[in-house]
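Here is what each chain is made of, one letter per residue.
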Amino acid sequence: MTFSSDVEWQGRHLGPWTAEHLDHWAFPLGGIGAGMVCVEARGSLSHLSLRHQMERFHEPLVYAAVAVKGRPELARLVEGPLPKHRIYGAALGGLGHAGPTAGLPRFAAVEARSKFPYCRLDLSEPGHPLRARLVAWSPFTPPDADRSGMPVAALEYEFLNESDETLEVVFSFNAVNIMAQPASTPVHEIYQGLRRTAHGVSRCDNGFTLWEEGGSERPERTGSCRITASAEKVGVNPRWFRGGWYDTPTITWRDASSGEVIDTSDYDDGGLPSPGGSLFCPMSIAPGKVGRVEVQIAWHAPFSTLRFGADPDPSIPPACGALGDGIEPGLRGGMSEHMMTERKQAPYDTVLDCYRPWYASRFPDVAAVADHFTSNYAQLRADSWRFADSFHDSSLPAPILEAVSANLSILKSPTVLRQFDGRLWAWEGCRDDRGSCFGSCTHVWNYAHAIAHLFPTLERSLRQSEFGEGQNDIGHQMYRISLPVRPAVHDFLAAADGQLGGILKAHRDWRICGDTEWLRDFWPRIRASLDYCISAWDPDGQGRMSEPHHVTYDIEFWGPESLTMSFYVAALTAAVAMGEALGEDVATYRGLTAKATSVLDHELFNGNYYQQTIEWRQARRGSPRDMVRIALGAAYSPEADVLLESEGPKYQYGAGCLADGVIGDWMARACGLGPVMDPDRVSDHLQAVVNHNFRPSLIDHQNPQRAGYAQGEDGGLLLCTWPRGGKPTLPFIYSNEVWTGIEYQVAAHLAMLGREAEAEKIVAALRGRYDGTKRNPFNEYECGHFYSRALASWTLLQAYSGVRYDAVARTLIVDRKVSGSRRVFLSTASGYGVVDLREGQLPRLEVVSGAIPVDRIVLPESELSPT
C-alpha cells in the first residue's frame, strides 16, 4: 500500500529527518518578496509573515485535522509530536501555554523530507488505521520571477487506509483570522474579535476569506487571506463560536473531531465578527486506498509602513562625496550599522510613499491571486516539480547538495522584498519581528550568487539600484539602498568590498544575460565607481589600498590587506574585460592590475598566507578616532588611546590568517573571470585557513562575541586566527565568530582548486550545526534569520563541476578536469538543465526547461564544437 506521491519522490531528495532532528525544522513557503509561511516538521504552520516583515513567533490557531466518523477516539491533528522545547512555551513560559494546539491529540511519529521547493511529512501511529502525508510547496519556476513571486502556498494531504474496512473520514482545515491581528495581539482579543479596524471571515467557493480592512486611516492594515480546498465535496463554516477564555478553540476542536461536515453561512455579525473559519472535506477511503485533499492558501496585503533610508533635505546642498579634508560631507555625526537598521520608519499618513509589494501591481485583491493560482495550479506544480527534479538530479556529495538546496529557502523568506515596480530589495537577514540591516547591503550580497543564476532579471535590478539611485556623480556608492528605492543621501562611508564587488557582479550579470547593450548603458557608472575607489583608497595609483576602507566587518581596515586588495585586483580585471568588449580605453586599469598583484604577492604574502600591513599615521582620510565615531557612533576611550599609540587602530588583523583573505579570487571565478591571483599562493592561503581556522569542535575556543552561530561541540571555520602570533588586543569585530557564508566561500574556493575533501569537511561540519536538533536546517542565521550571505553556497555547484555558461559567447565552459563522472544542475537566463560530465568524453547538456544555445564548448585543455 502506497501513497500516490511515492513515484515522484523516488529521485534524490534531502532527509529523512526524524526524532530530535525535527525539533527546530521549519520549511519556508511563499513567493519571492511576497511573504512566508513555514511548515514545521510536526505539520503545523508557523512564522506566519504575510505583511512584508518577519513575524517569527506568529503561530496562531491554524491546524489541519482528520476524524473518522463514529470513532471520535481516532481524531488527530495532522501533526506529529510536540518538540520538547515547546512544552514550556517560548512566549508564555510558566503559564502553561505551549501553543493553541499543544494539548490536542496528534500522530505518534513523523518523518520529514525536502526537495526544494517541496517538503514532505509522513505521519503514523501504531494501531491507527490511517497513515497521513503532507506535501507542501509554493511555485518556483526559474527564470520566471513573476510566477515564482506569487503570495501563495499549497498543502496537499493524503490519507492511506491501512485497515481492512472502508473508513468514512472527514478532513478539516481550521484557521483563526490571521490577517486581523499582529502576532502580539492577546489571545482573548483574537477569539472575541476585539479590533478597532473592520475585519471578518467571509465564505467563498470551497473555502473562506480572512480579512481586515484598514480604510484610509490605516491602509497598511488592509489585508486578506483566502483558504480553499480542492476535493469532491467541501463544507465551509465561516462562523466560529464567539466567546472568551478557551470557548473558541474548544468548540472548534469539537467540530473538527466530530467526524461530521459542518456547512454554514456567514454571520450577520452585528459588530462581533467571526474569529475564524473551517472547511470540511469528507472522504470514503476503501482498504489500501488513498484519500486526497489539496488546500490552497493565498494572501494579499497591498500596503506597508516600511520606509528606510534618509530623504534629501532641500535646504542642504547634496553631499558630493569629495575627499576634501578626508571625510565626506555629511559624515561627521556618526551612525552605527545597527542604528542605520532602524532609520526612518514612516508615519501612517505617508503610507502611500512606503514599500508596496510587486504582486499588488498585478493582482488587485486576494480573489485575483487565488483564482490565478487555482486556474494554473496543475501547470505551476508541474513546472515547480520539474525544477526540483532537475536540481536534485545531481551526483554532488550529500552535504554539498543539502547546503545549496536548503539555502534556497532564503528566497522564500522576508529577507527578500520585491517592490511595486518589480525591482528587488533585500535585508541582510531578519530579526524576530522585522528585517535586520536594511538596504540590499552590497558587501553582504557579494556572497549571494543564487538569484543571479536563477532569476537574472531580479539580480540586474540590484545593479540598477547600486549604480543608479545609490551612486552619485563622482562614483561614491551608498552600500545600503533606501526603501522604496530612491536617490540616496550620501551621508556615510562607501564600503570598499561592496563597491568593488559591484563591478564584479556587473561582469557576472553581463555574462549571464548576454546583453552587451545592457552593459554599455551601465559602463559610465561602472567606470565612475571604479575611479572613485581608486581615488579614495589608492590615491597615488600605486596598486595599494593604503587609505582606511570600510568593509563587511562594519569597521575600517587601515593599510593594504588581502581581503579588499583581492577585490581590487578582481574589479580591475573585470573592468578591463568589460571595457575591451566595449572598445573603451582601459590601459590605466590594466596597469593598476599589475601593480596591485605585485603588492599582494610581494608585500602581503608572508610565505604561508596573505595578511595586512597596518598603516594609519599618514592617512589622508581622517584619523582612527574619526572613523570609529563615523562607523560605529562611538568615541575612543582613554584606554583605547593607549592602544592606538602602542598597536595602531582598533579592529585590525595584521599578521592574522583571514578566512576571507583571498575572497576576490573566489569572486572572480564565480563571476566568470577565472583566477586573478597566483594560484599557488591562493592554494597556500586556503591551506593555512584549513589548518588554523577550521575546528572540528569549539569546546576550547574562546569567543567573547556572538557564540550562538557555533559553540561547544559544534565544528566551524573561524573568521580569523593568528598562527604566527601578533593578535591585536582588540582585533576586528566578529573575528572570533563563525559565519556560514564565509565557510561556503572558502569551501567553494577549495573545490574550485580541486580540493574537494577539505571543502566537504567544512560543509559537513557547517550542516552538522543545522541538523534540526538545535537550529533549523532551512535557516542559517548570522545577523538575523535566513541570512543572505549563506547564498554563497550556490557557488558550490560551479566549484564541483567547473561548469559555467557564457551567454555573451554562447559557450559552455568547463574550467577544470573532473575525474570519473558527475552530474550537476546548470541555470541560465534562458533556461536550465543538467550537465553530464564523464571523464574522457564531451560534456553533455540536457536542457530541461527553456533553451540554452551553445555554439562551442571550452574544456580545460581544448575547445570543441558541440555535436
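Nothing here was measured: the structure is a model prediction, and the numbers come from that model. (Residues numbered from 1 in each chain as written. Predicted model: local features only at pLDDT ≥ 70, side-chain atom pairs only at ≥ 80, totals over all residues. Heavy atoms only, no water.)

Asker: Just checking my understanding: could you explain the sheet that holds strand E4 (residues 45–49) for this structure?
Answerer: Consider a sheet: its strands pair through backbone hydrogen bonds, and that pairing is either parallel or antiparallel. Within the open sheet, the three strands sit side by side as E2-E3-E4. Their pairing is antiparallel. Of all strands in the sheet, those with a lone pairing partner are strand E2 (26–29) and E4, marking the two edges. The average undirected angle you get between the axes of adjacent strands in this sheet is 20°. Relative to E4, strand E3 (residues 36–40) runs antiparallel, the two being bridged by three bridges. Each residue of the ladder has a partner; that of Met36, found in E4, is Ser49. (Pairing = 2+ DSSP bridges. Helix = DSSP H or I, 4+ residues; strand = E, 2+ residues; numbered from the N terminus. Axes fitted to C-alpha atoms, helices over the stretch in contact; angles between N-to-C directions.)

Asker: Whenever I open this one, the packing of aromatic side chains confuses me. Can you help?
Answerer: Aromatic ring pairs are defined here through the distance separating the ring centres and the angle between the ring planes. Within this structure, the stated rule accounts for 44 aromatic pairs. Of the aromatic side chains, those joined through ring pairs into one cluster are Trp17, Trp25, Phe27, Phe116, Phe140, Phe387, Phe391, Phe455, Phe778, Trp794, Phe825 and Tyr832. The ring of Tyr267 has Arg242 lying over it, and the distance from NZ or CZ to the ring centre is 3.8 Å. The side chain of Lys650 reaches across the aromatic face of Tyr636, ending 5.0 Å from its centre. (Phe/Tyr/Trp six-rings, centres within 6.5 Å; stacked < 30°, edge-to-face > 60°. Lys NZ or Arg CZ within 6 Å of the ring centre and 35° of its normal.)

Asker: Explain the pattern of salt bridges to me, please; I cannot follow it from the model alone.
Answerer: When charged atoms on two side chains of opposite charge get close, those side chains can pair. Using the criterion set out here, one finds 70 salt bridges in the structure. With a shortest N-O distance of 2.8 Å, Arg822 and Glu756 are connected by a salt bridge. Of this pair, Arg822 sits in strand E30 (residues 821–827) while Glu756 is found in helix H20 (residues 756–769), placing the two residues 66 residues apart along the sequence. What makes Glu756 buried here is its relative accessible area of 16%. One continuous salt-bridge network, built from bridges that share partners, spans Asp6, Glu111, Arg113, Arg120, Asp122 and Arg133. (Salt bridge = Lys/Arg side-chain N within 4 Å of Asp/Glu carboxyl O. Buried < 20%, exposed > 50% of the residue type's maximum accessible area, 1.4 Å probe, protein only.)

Asker: Sorry if this is basic, but what is going on with the sheet that holds E30 here?
Answerer: Read across the open sheet, the three strands follow the order E30-E31-E32; overall the sheet is antiparallel. Of all strands in the sheet, those with a lone pairing partner are E30 and strand E32 (844–850), marking the two edges. The mean inter-strand angle of the sheet, taken between neighbouring strand axes irrespective of direction, is 15°. Pairing of E30 with strand E31 (residues 831–838), which is carried by seven bridges, proceeds in the antiparallel orientation. Looking at the pairing, Arg822 lines up with Leu837 of E31. Helix H6 (residues 377–392) contacts E30, E31 and E32 of the sheet and is inclined by roughly 20° relative to E31. (Contact = heavy atoms within 4.5 Å.)

Asker: So what exactly am I meant to see when it comes to the confidence of the model for the chain here?
Answerer: Averaged over the chain, the pLDDT score is 92; the fraction of residues at 70 or greater is 92%. Predicted confidence for residues 319–345 stays below pLDDT 50, and this span has 90 contacts to residues more than four positions away or in other chains. (pLDDT = per-residue confidence, 0-100.)

Asker: I keep staring at the environment of Arg356 and nothing clicks. Help me out?
Answerer: Following the sequence through the fold, Arg356 ends up in the loop between helix H3 (337–341) and helix H4 (359–362). With 218 residues separating them along the chain, Arg356 and Ala574 place their C-alpha atoms 35 Å apart. For Arg356, the residues in contact, after removing those within four places along its chain, are Pro302, Phe303, Arg418, Gln419 and Phe420.

Asker: Whenever I open this one, the side chain of Glu556 confuses me. Can you help?
Answerer: When you line up the elements, Glu556 lands in strand E23 (residues 556–557). The buried charged residue Glu556 lacks any salt bridge, with Arg621 as its nearest oppositely charged partner at 8.1 Å. At 2.3 Å, the side chain of Glu556 and the side chain of His550 are in polar contact. Discounting chain neighbours no more than four positions away, the residues touching Glu556 are Leu493, Pro548, His549, His550, Met627, Ala631, Tyr651 and Gln652. (Lys, Arg positive; Asp, Glu negative; His and termini not counted. Polar contact = N/O pair within 3.5 Å; in protein donor to acceptor, adjacent residues only side chain to side chain.)

Asker: Before we go on, may I ask you to explain helix H12 (residues 516–537) in this structure?
Answerer: An α-helical turn contains 3.6 residues, so a residue and the one three or four places further along point in the same direction. The terminal C-alpha atoms of H12, which comprises 22 residues, lie 30 Å apart, in line with the 32 Å expected from a rise of 1.5 Å per residue. Along H12, the largest kink reaches about 50° and is centred on Phe522; proline Pro524 follows within four residues of it. Capping the start of H12 is the job of one residue whose side-chain oxygen sits 3.1 Å from the backbone nitrogen of Glu517: Asp515. (Expected span 1.5 Å × (residues − 1). Bend = angle between axes of the 7 residues up to and from the residue.)

Asker: Whenever I open this one, the side chain of Arg775 confuses me. Can you help?
Answerer: With respect to the helices, strands and loops of the structure, Arg775 is situated in the loop between H20 and helix H21 (795–801). In this structure Arg775 comes out as buried when scored by relative accessible area, which is 5%. Within the structure, the side chain of Arg775 is placed 3.2 Å from the backbone oxygen of Arg769, a separation counted as a polar contact. When residues no more than four places from it in sequence are discounted, the contact partners of Arg775 are His24, Gly708, Tyr709, Ala710, Gln711, Asp714, Arg769, Tyr770 and Tyr781.

Asker: How should the nonpolar core be read in this particular structure?
Answerer: General note: in soluble globular proteins, nonpolar side chains tend to be found buried as a group. Leu155, Phe171, Phe173 and Tyr553 are the most contacted members of the largest nonpolar core, which has 236 residues in total. Ranked by residues supplied to this core, first place goes to helix H13 (residues 562–581) with 12 residues. The residues contacting Phe171, other than those within four sequence positions of it, are Ala64, Ala65, Val66, Val78, Tyr157, Phe159, Leu279, Phe280, Cys281, Met283, Val293 and Val295. In terms of nonpolar packing, the next biggest core, distinct from the first, is built from 20 residues, Ala488, Ala495, Trp616 and Cys783 among them. (Core = buried A, V, L, I, M, F, W, Y, C linked by side-chain atoms within 4.5 Å.)

Asker: Just checking my understanding: could you explain the state of the cysteines for this structure?
Answerer: A disulfide bridge is the covalent bond that connects two cysteines by way of their sulfur atoms. Counted according to the given criterion, the structure contains zero disulfides. Cys38 carries a free sulfur, and the closest cysteine sulfur to it, the one in Cys119, is 9.5 Å from it. In this structure Cys38 comes out as buried when scored by relative accessible area, which is 0%. The thiol of Cys513 is not disulfide-bonded; the next cysteine sulfur, from Cys671, is found 13 Å away. (Disulfide = S-S within 2.5 Å.)

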